[in-house]
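These are the residues of each chain, in order.
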Amino acid sequence: MPRVYKRKSTRGSYGEKALQDDLQAIRNGESVRSTSKQYGVPCRTLRRHRDGKVAKPKATTLGRFQPQLNAKYEAMIVTQIQAMERALFGLTTNDSPRQIWNVDETGITTV
């Protein structure tokens with residue numbers, strides 16, 4: 001597996017704000033094709049949202065897996081691992097899954 005993942009497609013890269021702006025422009029009377037070119041959202045996606053065929057009308061996540069930690073705790077774990085590496089603790093990609101992390105509101109501790 002490569003160290004740095006490089007995404008191979010541009011699917012879903014337009015973002016939720018562009019989708020909402022595009023749908024608002026369609027509601028105001030602009031055509032689907034012109035707003036698609038303006039905001040970069042595919043025409044078929046706009047038609048699907050316009051016609052009400054989408055259960056939750058917003059940008060969806062790609063893939064079936066959802067993150068288990070919120071962004072705050074994930075950032076705390078990353079800074080903890082980086083601090084341990086700077087202290088010459090010698091962490092590798094194989095070591096961190098073996099450690100048990102205790103994450104709560106007060107901070108991160110290793111067990």
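So, how was this worked out
- Residues numbered from 1 in each chain as written.
- Predicted model: local features only at pLDDT ≥ 70, side-chain atom pairs only at ≥ 80, totals over all residues.
- Heavy atoms only, no water.
- Helix = DSSP H or I, 4+ residues; strand = E, 2+ residues; numbered from the N terminus.
- Buried < 20%, exposed > 50% of the residue type's maximum accessible area, 1.4 Å probe, protein only.
- Contact = heavy atoms within 4.5 Å.
- Salt bridge = Lys/Arg side-chain N within 4 Å of Asp/Glu carboxyl O.

A word on the environment of Leu23
Mapped onto the secondary structure, Leu23 falls in helix H1 (residues 16-27). Accessibility expressed as a relative area gives 5% for Leu23, which makes it buried. The spacing of Leu23 and His49 is 26 residues in sequence and 7.8 Å in space, taken between C-alpha atoms. Beyond its immediate stretch of four places on either side in the chain, Leu23 contacts Leu46, His49 and Arg50.

A few points about the pattern of salt bridges
According to the stated counting rule, one finds 2 salt bridges in the structure shown. A salt bridge links Asp21 to Lys17; the nearest nitrogen and oxygen atoms lie 3.0 Å apart. One end of the pair, Asp21, and the other, Lys17, are both in helix H1, 4 residues apart, so they sit about a helical turn from each other. Under the relative-accessibility criterion, Asp21 is labelled partly exposed at 27%. For Arg50, the salt bridge identified is with Asp51, shortest N-O distance 3.1 Å. Judged by relative accessible area, which is 43%, Arg50 ranks as partly exposed.

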